[in-house]
Amino acid sequence: MNEAASIRSIKERLSSELPREVVITRRELVHEIGFMTPQMINLPLKYQTVRTTEKRKSKLIGILLCHPESPLAKSEIIGHLPFFHVRSGEEIDFFCAGYGAYWPPEHHADQKVAARINDTDWLFSP
C-alpha cells in the first residue's frame, strides 16, 4: 500500500519505477528429437521450468478513494488491506488517498488509525 497525496505524486512514483524488469516463470514442453514408436504414445510428457526477464513499461495500479467509516470500506476493504498488501507484491501498487504511515502525531489534527500492516499503523485523515 502506498501513500498518495495527489495524482501528480502517483504519476511521479510510477515514472520513477518504469520501465521495470519482471521475472516470468513458466513450464514448457520438452521436445525430443527422434522417431516416435507406438509404445511412446502413452508416456507422460516432460516439462521444464523456464525463467525469462522482460522489461515492461506499464504497471497495474489501484486508487482507493473511500472513508474508513463507510459500510463498504468497513466490511470489504479496510480489514483486508494487509491481505491486499501481501498478495499484490510488486505487481500492483495501491494508492490510498487520505491514508498514510509514519505520520508524526501533529501531521493532521484529525488523523486516526485505519489499519495495521506489517506492524505499522496506517492512518487516515479526510
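Residues numbered from 1 in each chain as written. Predicted model: local features only at pLDDT ≥ 70, side-chain atom pairs only at ≥ 80, totals over all residues. Heavy atoms only, no water.

Peer 1: Can you walk me through the overall build of the protein in this structure?
Peer 2: Counting its secondary structure elements, the protein contains three helices and eight strands. Going from N to C terminus, the protein has its helices and strands arranged as β-α-β-β-β-α-α-β-β-β-β. Residue burial in the protein is summarised as follows: out of 126 residues, 27% are buried. Intrachain contacts of the protein at a sequence separation of at least 6 include 63% that bridge at least 24 residues. Here the protein has roughly 9,700 Å² of accessible surface; of this, 57% comes from carbon and sulfur atoms. (Helix = DSSP H or I, 4+ residues; strand = E, 2+ residues; numbered from the N terminus. Buried < 20%, exposed > 50% of the residue type's maximum accessible area, 1.4 Å probe, protein only. Contact = heavy atoms within 4.5 Å. Areas by Shrake-Rupley, 256 points an atom, 1.4 Å probe, with all protein chains shown as cover.)

Peer 1: Before we go on, may I ask you to explain a nonpolar patch on the surface in this structure?
Peer 2: A contiguous nonpolar patch, built from I7, I61, I63 and L65 and spanning about 390 Å² of accessible area, is present on the exposed surface. Position of I7 among the secondary structure elements: in helix α1 (residues 7-17). The exposed category is assigned to I7, whose relative accessible area is 55%. (Patch = residues over 30% accessible without salt bridge, like charges linked within 9 Å, V, L, I, M, F, W, Y side chains within 5 Å. Salt bridge = Lys/Arg side-chain N within 4 Å of Asp/Glu carboxyl O.)

Peer 1: Teacher, can you tell me more about the pattern of salt bridges here?
Peer 2: Applying the stated criterion to the full structure yields two salt bridges. For E69, the salt bridge is made with K74, and the minimal N-O distance between the two is 3.5 Å. Note on E69: relative accessible area 48%, which makes it partly exposed. Between R116 and D121 there is a salt bridge, and its shortest N-O distance comes to 2.6 Å. We classify D121 as partly exposed; its relative accessible area is 32%.

Peer 1: Teacher, can you tell me more about the environment of V22 here?
Peer 2: Tracing the chain through its elements places V22 in strand β2 (residues 20-29). V22 sits 33 residues away from K55 along the chain, and the two C-alpha atoms are 6.3 Å apart. Excluding its chain neighbours within four sequence positions, the residues that come into contact with V22 are T52, T53, E54 and R56.

Peer 1: Any chance you could explain the sheet that holds strand β7 (residues 112-117) here in plain terms?
Peer 2: Two orientations exist for strands paired in a sheet by backbone hydrogen bonds: parallel and antiparallel. Taking strand neighbours across the sheet as the criterion, the three strands line up as β6-β8-β7 in an open arrangement whose pairing is antiparallel. Two strands lie at the open edges of the sheet, namely β6 (99-101) and β7, each paired on one side alone. Averaged over all pairs of adjacent strands, the angle between strand axes in this sheet comes to 35 degrees, irrespective of strand direction. As judged from the five bridges shared by β7 and strand β8 (residues 120-124), these two strands associate in the antiparallel manner. Looking across to β8, one finds that K112 is bridged to F124. (Pairing = 2+ DSSP bridges. Axes fitted to C-alpha atoms, helices over the stretch in contact; angles between N-to-C directions.)

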